[in-house]
Amino acid sequence: LKLQFLYLIGLEGPRLLRSRKGCSKPPRGQRHTARCCGCHRTMSLFFTFRAGPKALVFRRDTICSRWHPSLPIIAVAVLDYDSKDDKKGQSKVNVFTEEGERQSGCDLDMQVQTMAWHPKHKTLAIALRDGGIVVLHENEKKEVSSPHKGKPVQVLSWSAKGDRLLSADDAGVWCVFKYDQVRHTLSQHASSNKDKDTLEGTLTHCVFRTKHERPTHRNADDDDGEKEGQRLTVEDEDESADFGHHGGGGAVTRFNENCTWFVAGSAGNVWGVDEDGKCAMVFSTESSPVASLLYYAKKTGLIVLNQNLSVTYYNMQEDHRWVQAAKFKLSLTKGAVTFSVVMNWAGTGLIATVACEGIIRLWNVDESENYVIKAPDTGKALQKIATTAFNPQKQTLAAGTLSGKVMVWQYNGTEGGSESDKDWALSAEIQLDDPVRELDWGPGEMLLSAGQGDYTMLLNGTSIKRKLAKNLVVVQLTHDTLHCEDLSVKSSTTCRARLRVKGLDVAGSHIAVWNSDEIQLFHHQMSGPTQVGTLALTNNGCALHPEKLVVARSERGMSSIDIYNVQLQKLTSLSMKAHEGDACKISVAGDYVAAATTKNYLNCWWIGGRSGENRAHGYPKQVWDGEDKQISQIALNASGGMVAVLGKEILEGGAMVPLTKLWVCDLEHDRVMTFDFVELNRVPEHVMWDESEKKLLACETKVLKKEKGDDSGDAALTDIVTLFASDKGINYQDKVPLGDYTALVGLSVPNFYFYKREGTITPEGKTNVHAKVMRDFDGIDCSDHRVKDALLDFSYNLACGDMDAAYRSVKLIKDETVWTNMAQMCVKTGRLDVAEVCLGNMQDAKGARALREAKKEPETDAHLAMLALQLGLLDEAERLYRKCGRYDLLNAMHTACGRWNDAIELAKEHDRIHLRSIRYQYARHLEILGDTDKAIAEYEKANCHGYEVPRMLYDAGKLDELEAYANNSSDKNVYLWWAQFCESNGQYEQGMAFYKEAGDVFSRCRLMCFLKDFTAAELLVNENAKDCAAAAYHLASHFEDAGKKIQYFRTAGAYKNAIRIARANDMEGEVMQLSLQADQSTIIESAQWFEEQGMLPKAVILYKKGGELSKAIDLCVRGELFDTLQQLADELGGDTDADVYLQCAEFFLSKEQYEKAVSIYIQAKGYSEALQVCLDHNVKLSEDMAEEMTLPKTENEDDEATRLSLLRKIAKVAKIQESWHLACKKYTQAGDKVKGMKALLKSGDTDKIIFFTNHSRQKDIYILAAHYLQTCDWHTNKGMTTHIINFYSKARAYESLSGFYDAIAQVQIDEFRNYDKALEALQDAAKYMEKSKATNREEKMRQLETKYGYVKQFVEARNMVKDDPNRMVEMCKELLEMEDIENAVRVGDVYALLVEFYTGHSEFEKAYHLIEQMTERQIILSYYLEANLVQAVCNAMGVEYKEQEQQQGAQPPGGAQAEEEVPDEIVEDEDGGGFVEEPVDD
């Protein structure tokens, strides 16, 4: 890293701090230096100011210091001692500005204990050692009535709104004060009761319960919340919470959620206190005093550090119980100071602890992970870190050491939380005079205070001011020193201003510097800048025109732009409207000036007239609404037609966060264009236009957020992003890393101009501004403006994605660099067609051929990757290969480029199939380089060392190393190679030994046979009978004895050779045994041999074994081998030839094995023959047999007709054999459901008949089923009755349905004497008869109506027994006189009604007369009358009662109607097959 330096300014003026390499600490007050580490990344300077002048007293102790939360002021409490004998000292509180100037203060009679600023007002609460409390507002001091008399106040904390103040003392007494925001006074609101609410121990720590706020970079127009991670997130809490101690069974305290403090102290307890004075213990830690207390707003948690070094983390659950989430104990290094352990936040959920060690311990609360950050090694004593402070706006962690050094780390990790020390980059080291005891970040972004015992040092950071105008570059070095460099003559000088520079501008040969109160103008010459004049003027900013000075002013509520000439004489003033706000940013380019206001308005004027003439250029435009955003920079382009704008968001509390968008206002066309850097994962910090090109601008950007798991250090660096702004919008052009340069000072096509800081003050004449050629102009001579303009158009069109226009721009330029740049752009745009033209103009035939071959791959990204590879863009090629998942091609690239380690690691993770191949290639590469040892290691990893390593060593002539490698190796392939090498050199014993080590039985046997040692060879083969086929074969070929040959050929599995020898020696048994183990062709040959020899049984077995079943069966038939044929038939499979089946079937028929014959016919697909056998020989057709004969459906009409005919045949056979269910199934499959139904009716399976009917849904089937169900016992089965009605209804057989209802009516009369239900059934019968289309419908309707009338009359007569008995008697007599009454009403029921009536009225004579009539009409009395009733009548009449015996011909109830009538009778066809319906005579 290049050294950069930090300058300090004190009361006496600028002072140079001591260099890091200084050998000793200078006396206080002398000059000293500081080193800024890595400031080229932050482009910022730190100026230091001492808070107040040097003390003119004997000794001064700084008690404490506090920054205001929102204002750049700091309060410092000190204790001055006038002499050595002064014991009490003088207590003072002073308020200083950010530059160390005293603003206000007061003297106090008692030593200050602690202080706290009001969050909004300029009000400071001061707690004294004697328990008193003082309020300091501006310079007015007011005492407050305090309950802490005599007890030092240790805790002082404001609420977030500033309306309450909490105080607590050593005795545990606490008090809540109410703040009057008008009078700026405090009054007691609530306090602890000394008997009840006094807290145990000394209260030393306090935190206020806040909401979680996480500032992030965001877009100005992201208010709809669509972009995740671009907003300020606030985790809302419940309106009230219960923080009382749970589990004790006592009362629960409810707290005001918006104003709650947590306090802790020496007793180790944590208490909750709210603005209403409610107090309760939250939880209790160890008895050790609390050393630090932190509130974790994101998880509503508290982290407590006790003095015994234990850290405890509690968080609040949904039911408001506090639960311990984690606990551990710090383990300090040797030399750490235990009592000085400090714990502070270092980010969201990240805690930093220090204990005067050389490290900072970091603990991620959410992930329970920890790591350390080490202080940089200085080569001297260990840096002992005593304190830390974290700036959430800048994500920086500052640490102070006892040696007086302040170190600043920049966080570059992910938003989800820090993972390791790699997420932190050391960005600055500042050496101060004295030990740093306390650090505190102030409001804003770059304010830091360092407490150093007797004084407080203020560190004020600022960004580097720089400007390029034509050939003149001016860069700020210190608060008042400028570096000026003339690029035309390559010389540099320094210029010193008499003010603290807050801004500078350059135009022509003039330089302007200013602060808020003064402006100085310089004229630059060859000898250096000379001051022209000074303008004491309050201003908001300045800008330079070559002949004018433009000043933004706000005075008396009015804002204006004042224009002066270079002699600082005022020429004119440009007024601005009041509603637009005050001018705060101005920019000048050419003859135009643009101004931005505090209310985000933009105005532009032309100011080219010599006498101050001006006119408005465009209309005022508001960039965005709202007060939560503010314009941070504007820049006017060379033509004055466009203004670039950057902004910041103002968060609650005053912190500002950069916005991720760039706005460009086109004044000529009255429109606003935007570019969002989120797409690049960057956030812009500075913008500037090209000096001459009106479309080109550049932005300095920082990383927006680091992706999870990204360890890249480049994410922390500054990048220069170039853009084109035009009527086509804002288009990205290129990104250039800042690298080792400090800052970009400007750009002028074709160069960027960077400033590089190399020391504190640049030596006179040394050039520190470096020109860097833009990518599209690199290597091209741009002295001809036509070439430069063509290349500029080329770059512009490439950025806009218009490749055709880009090609037209440079088609006449023959420079290869142009075409190379265009080809590189084609990689990004994906224009392969243009890339081929570029390669042609580059005359890169090799690249063009590679691109054509790459197009054979299916992925477009793979084509682009090959193009990038040919252009040398290796990183881009790797990205594209990874994107399309072609890791094989990426590995090929790595190996071609010699990136062997990358290739191996990639293969391990994504391309393991090529891992061994890559290792092999790497080993070959090492072999060529002569690195034998590494080559051996890689060959071994590639698992090919058994051959390659001996070959390599042999080729290299390293036989000794080869022998040593073979002896030390445990690989069998190496042993085998060395054994063969020894054998070839006649070293048989050594070769035999290595063959044995390699486990190569064949080579040992071969070598033994070569040496004529057959006994040893036999012994070797017998010992290794399972794994020595080759050895056995080799040994068999050396024997003359047939038995030996057959034995070892059998061992070798060479059955054909063994059979050949056995046949030659007429060894039939050996031939048979060997053939059964041989392959199929050998088996057939042996079978043929046995057939020729007339040994048919053995031939049949071998033919069967060889798969020649037809041949085997033929031999069985010819040889009448019936038993063998029976066995063959049992083993026939589905792939057997049909002729074989037929032969077997005929054989079984001849032997009267009919079932077997049927099975064989079915397997042979002779279905007709099988069915005929079933009929002729009464073979039962099973369902499995029927299913095997059922053919699959087909779309061929002829095949389908065959299938249906076969199904009918199967069904007919099943019907003949009375397999009704099977017949039904097959008729149904054949599509004849009616016949299937008739077959099913024969089975009498009522449930299946109903099921089949419901699924068939055919009229005839419905009628058949209903007819069948009427033959069943439907009287007592209500469900069956319902099925009959449904079936008739679905078939629309209304006549049959009417008849069924008539039958129902008759059953109700005959069996249940229920004439009411009979009447309803007759109504339904008439209703459905009326719907029917029967020929005799009218006649049947008349019959039903007559029957209905009789039944209705009888029902009415029964209902009149009580109401009108006379009428009832008349109606009954009328019924008895009717001739056809028996067809509707049972006469016995009519008589029974009358008998019961007369008996009930004691008219026994009439009753007895009716009984006699019943007897005369042969009506059985017991069917209608109770026996006791008849007995009573007879007794009354004096007649002896005798049991009536049923006489022959006596009519039972219902008479002839009692028998159920079924409309049709089911009978069989003549052929015993189907069914027909025949009417039954009435």
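Residues numbered from 1 in each chain as written. Predicted model: local features only at pLDDT ≥ 70, side-chain atom pairs only at ≥ 80, totals over all residues. Heavy atoms only, no water.

Novice: Any chance you could explain the pattern of salt bridges here in plain terms?
Specialist: Note on pairing: side chains with opposite charge can pair once their charged atoms come close. Under the counting rule described, the total for this entry stands at 50 salt bridges. Glutamate 876 is paired through a salt bridge with arginine 879; the nearest N and O atoms lie 2.4 Å apart. Residue glutamate 876 and its partner arginine 879 are both found in helix 8 (residues 874-883); the two are separated by three residues, about one turn of the helix. Take arginine 879: its relative accessible area is 43%, and that puts it in the partly exposed class. Through salt bridges that share partners, Arg924, Glu927, Glu948, Arg951 and Asp955 make up one connected network. (Salt bridge = Lys/Arg side-chain N within 4 Å of Asp/Glu carboxyl O. Helix = DSSP H or I, 4+ residues; strand = E, 2+ residues; numbered from the N terminus. Buried < 20%, exposed > 50% of the residue type's maximum accessible area, 1.4 Å probe, protein only.)

Novice: When you look at unusual backbone geometry in this model, what are you seeing that I'm missing?
Specialist: Most peptide bonds are trans, and most residues other than glycine sit at a negative phi. A cis amide bond links valine 749 with the next residue in sequence, proline 750, at an omega value of 15°. With respect to the secondary-structure elements, proline 750 resides in the loop between strand 66 (743-748) and strand 67 (751-755). With a phi angle near 75°, leucine 309 is a residue other than glycine that sits in the positive phi range. Within the secondary structure, leucine 309 is located in the loop between strand 26 (301-306) and strand 27 (310-316). Although it is not a glycine, glutamate 1218 sits at a positive phi angle of roughly 60°. Mapping glutamate 1218 onto the fold places it in the loop between helix 31 (1197-1216) and helix 32 (1220-1229).

Novice: Explain the pairing of strand 26 to me, please; I cannot follow it from the model alone.
Specialist: Along any regular strand the residues' side chains alternate between the sheet's two faces. Among the six residues that make up strand 26, six are buried, leaving the element largely enclosed by the rest of the structure. Side chains Gly301, Ile303 and Leu305 project from strand 26 onto one buried face, and the interleaved Leu302, Val304 and Asn306 project onto a second face that is buried too. The sheet contact formed by strand 25 (residues 290-296) and strand 26 spans six bridges and is antiparallel. Within strand 26, the residue paired with leucine 293 across the bridge is valine 304. In this antiparallel pair of consecutive strands, strand 25 and strand 26, the connection spans four residues, and threonine 300 shows a positive phi of 50°. Where strand 26 folds back onto strand 27 in an antiparallel hairpin, the turn is made up of three residues, including leucine 309, whose phi is positive at roughly 75°. (Pairing = 2+ DSSP bridges.)

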